[in-house]
Amino acid sequence: RASPSCRRASSPPSLLSPPPSARGCSNILSPLTATTGSRAASHALRLACGAAVRAVAKHAPDVSSLPLHRRPLLLRHKLPPHLQPKHRSFRSAVTASVAMGSETNPSGALPADVFLEDLRSDESMTWVQAENARALASIVGPGTPEEDPMYAKLRAIYDDKKKIPAVRLRGEFVYNFWQDEDHVKGIWRRTSMEDFKREAPQWETVLDVDALAAAEGKSWVWKGPSFVDYGPGQEQRKDRCVIKLSDGGTDACTVREFDVVTKAFVLPEENPFVVPESKNNFSWVDRDTVWVGYDFGEGTMSPSGYPLTVREWKRGTALSDAPEIWRGEPTDVVAAGMAYWDKSTYYKVWYRAKTFYDTVHFAEFNGAMVEVDIPSDFAFNTFSDHVVVHCKSDWNVAGQHFASGTVVAHPKDSFFAGERDMFTVLYSPKDDRCTYGGSSETKDYMMVHTLENMVTKVYVWKFDKDAAQGSKFTLVKEYTAENCQSFSAGGVDPSMSNDLFVTTDGFLNPVTLSTATAPDLEISTPLKTNTAWFDTTGMSVALHEATSDDGTQVPYFLIKGAGVEAAGKPVPTVLYGYGGFEIPMLPGYSATVGEAFLSEGMCYVMSCIRGGGEFGPNWHRAAKKEKRWKAYEDFSAIARDLVSKGVTTPEMLGCMGGSNGGLLTGAMVAHYPHLFGAVVSQCPLLDMERYVLLTSGPSWIDEYGDPKIPAERDALLGFSPYHNLEKGVTDAVTARGMSPEDAAAGAHLPAVLFTTSTADDRVHPSHARRMVHKMRAMGVGEGTLYHEMTEGGHAGSADNVSRAKVKTIENRFLIDALFRGDRKPRTPAE
């Protein structure tokens, strides 16, 4: 194969890589290579509230990675009847929505399509089934998605037995969660580290989720384990954990104690810790004590649906009798606590998230709870006996100035006592195009990961806990990743050694897992490489910038597929975007993108618009709340730039995005329909007036705005896709000269596909349902399709079978529409 080229375009640099879920990657990120940001508050909150983040807090539950594989286990018992999960529907959410209607609708009148907020009512599901049939008839009819040749390719990618298992070392074993055609729901398995390094490890099944689901009559979806940490001297003792399982893929999980020695759930006579289905928080204190956040009744859950209290639960006692030790305020998004060992230092930390980005931290100091005195927008973490603070805004403290984006460390005891005179600056951005990306660690080193002008750079600090005076941190090395490549390094066992797992990948380069020893990140030994699923001959990657409406330079990656350079003419192109929650979009290998688009002579574009985290907190704030429109201006600017450069045409340009990215692509439908030939909006928010009334909606007020505040409501209604469909018709006539008759029939709109899941308890599927229902009612929905999976939660799918089905539907829709270039979905007759 010819080596893929990767160069910078002549325009200024800038860019980074997205989470696998966001970019549709088929590979799994490799063991322990994710970087970490704030521990309890910002990171746990982001995970809880649904921001897709590549990083995982280093003491967060041991989630062995993303979806993947299975095998048999003798199940010793079922969940006791009194601990069966509570089955809640969204009917309560609908009731609240109706009751609160006047708060967001001044007239007090509810939309006619509000019945679709009743998740599984007969009326709702009848509508969903009719729309699913219509979509499948158009996209793959008269056959099924499973009969499309693309489906077989995607199944092969997802089920690839040669892909790198994402592992976590726990005691004597590395653990991995795996899915393939033989293990649809998956198996949790393990092997030794030495065996893992072999080409074909011999895995031992610990838990078979398929067998468990069949035995218990549940559609269990794996959410990951959390092990007891026994502390110094017992680091290798890993015998007990709790496992989180979701019925159908929802965020709500049941928590069940598991014995990895016997490879079975702890028997009822041993008084296991079991938390019924809910959105909950769980933290081990010791083997017989845990902290739990759960729905204990009125006042114990936030308006966003997350726990507000922490109870200390002792083994052998009833969960309902556990005493409350911590409580947030009724208006908080979430309140929680965690106890953990950080090397040889023990921490007890609590926090209450007032908003998505404002968190108050507390810690135990000298036997008492003290507030961690830092601004509420800062991220708080720990490293051994030091606190680590990420300044999200300028900080003037004790005669010192730390610019926004700076990361500092300070001895914890003196910090909790109020002293501020022993800071070590671990990172200070050089300019507004540099940002902190998190940290990882080994026994003696901290790796500070950064993104500088869209290039990954790692600063390696040696830590000497026994240093007699001065800072205990010493900068010993700096490592810069290759251009247009993602790079990460993390400790294999941070409490015991300086061994590293290192991963690299790029748009045209499959993930490579290597081993190294800190601080020498540059001296690595390749261990495993993912399958190269598509031939990259003639393909290229370049970093460009588009000029947004206000003059801001907005970066994007352009990946040209097979034969594009040689053809020298516009080709079908897919533009991906997210632009929210300070999440950066970074280079990463996606076999599904390569197979579906690049190998077919198409281009793929990853945008890095404002609202994301490519350039740090200020880049994110530039598109928050009333400034949200900036993200849409950036995205549309990239669309225009692609056309002006001759890459594509409006008729051959499609866009795709999920969750907040689904809101982005929905905004393109409402405000910029003329720039695109096809749009895919996945699990989207679309009604920005009622979003606060549904599922986790209130937790995102600090990102989008509050419709109960007049000025913020006006801003929300200004971009809300659901509320601007009528304006789109008017604009087509007045701004683009379309006849009123054609505009009223929806001729101004591109081909549109909305996809979601009935089991999505993060972004309610009624956003997409009601958008399509309204388009049909207005008469502009002829070219719009809708498909809803019944399981999968916010991810949209729960296993490789459903993943391949959803991606076949979405990709086939885009390919057909963009190659035809007529801005319409395929008709069944075609």
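Quick look at the structure, then. Please read all numbers here as calculations on a predicted model, not as lab measurements. Per chain, residue numbering runs from 1 following the sequence as it is written. Confidence filtering applies because this is a predicted model: local features only for residues at pLDDT of at least 70, side-chain atom pairs given and counted only at 80 or more, and all residues used for totals across whole chains, interfaces and linings. Calculation of side-chain values draws on the structure's entire complement of heavy atoms; hydrogens and water are dropped beforehand.

1. Some details on unusual backbone geometry
Here is step 1 of the chain: Cis geometry is found at the peptide bond from G141 to P142, where omega equals 5 degrees.
Here is step 2 of the chain: In this text, helices come from DSSP runs of H or I with a minimum length of four residues, and strands from runs of E with a minimum of two, each type numbered from the N-terminal end. By the element assignment, P142 lies in the loop between α5 (122-139) and α6 (149-158).
Here is step 3 of the chain: Here the bond from A518 into P519 is cis, since omega is 10 degrees, no more than 30 degrees from zero.
Here is step 4 of the chain: With respect to the element layout, P519 can be found in the loop between β31 (509-517) and β32 (520-529).
Here is step 5 of the chain: Despite not being glycine, S384 shows a phi value in the positive range, around 55 degrees.
Here is step 6 of the chain: Inspection of the secondary structure puts S384 in the loop between β19 (379-383) and β20 (386-390).

2. Observations regarding the packing of aromatic side chains
Here is step 1 of the chain: Stacked, edge-to-face and tilted are the three classes for Phe, Tyr and Trp ring pairs, Trp counted by its six-membered ring, which pair at centre distances within 6.5 Å; planes under 30 degrees apart are stacked, over 60 edge-to-face, the rest tilted. As enumerated under the stated definition, the model contains 43 aromatic pairs in all.
Here is step 2 of the chain: With 5.5 Å between their ring centres and 55 degrees between their planes, Y175 and F227 make a pair best called tilted. Residue Y175 is located in strand β3 (residues 173-180), and its partner F227 is located in strand β6 (residues 220-227); the two are separated by 52 residues in the primary sequence. Each member of the pair Y175 and F227 is classed as buried.
Here is step 3 of the chain: One aromatic cluster is present, built from ring pairs that chain together F173, Y175, F177, W188, W222, F227, F258 and F265.
Here is step 4 of the chain: Its guanidinium or amino end placed over the ring of W178, K163 lies 4.4 Å from that ring's centre, counting from NZ or CZ. Burial status follows relative accessibility: with a 1.4 Å probe on protein chains alone, a residue under 20% of its type maximum counts as buried, one over 50% as exposed, and anything between as partly exposed. Two conditions define a charge located above a ring, namely a distance within 6 Å from the ring centre to NZ of Lys or CZ of Arg, and an angle within 35 degrees of the ring normal.

3. Digging into the sheet that holds strand β30 (residues 499-506)
Here is step 1 of the chain: Whether two strands pair comes down to DSSP finding at least two bridges between them. Pairing is antiparallel across the open sheet formed by four strands, whose spatial order is β29-β30-β31-β32. The open sheet has two edge strands with one neighbour each: β29 (485-491) and β32. Taken pair by pair, the neighbouring strands of this sheet meet at an average axis angle of 30 degrees, ignoring direction.
Here is step 2 of the chain: Relative to β30, β29 runs antiparallel, the two being bridged by seven bridges. By the bridge assignment for β30, A489 is matched with V502. To define axes, lines are fitted to C-alpha atoms, for helices over the stretch in contact only, and angles between the resulting N-to-C directions are given on a 0 to 180 degree scale.

4. Examining the side chain of H390
Here is step 1 of the chain: Within the secondary structure layout, H390 lies in strand β20.
Here is step 2 of the chain: Excluding residues that lie within four positions of it along the chain, H390 makes contacts with F378, A379, G405, T406, V407 and Y436. The contact criterion used throughout is that any non-hydrogen atoms of two residues lie within 4.5 Å.

5. Overview of the side chain of K624
Here is step 1 of the chain: Tracing the chain through its elements places K624 in the loop between α12 (617-621) and α13 (629-644).
Here is step 2 of the chain: Apart from the residues within four sequence positions on either side, K624 is in contact with Y357, D702 and E703.

6. Some details on the sheet that holds strand β17 (residues 359-365)
Here is step 1 of the chain: Taken together, four strands build an open sheet; the order of strands is β15-β16-β17-β18 and the sheet is antiparallel. Because the sheet does not close on itself, it has two edges, and the strands there are β15 (334-342) and β18 (368-371). Sheet twist, expressed as the average angle between the axes of neighbouring strands with direction ignored, equals 25 degrees.
Here is step 2 of the chain: Pairing between β15 and strand β16 (residues 345-353): nine bridges, direction antiparallel. Bridge pairing in β16 places V334 opposite A353.

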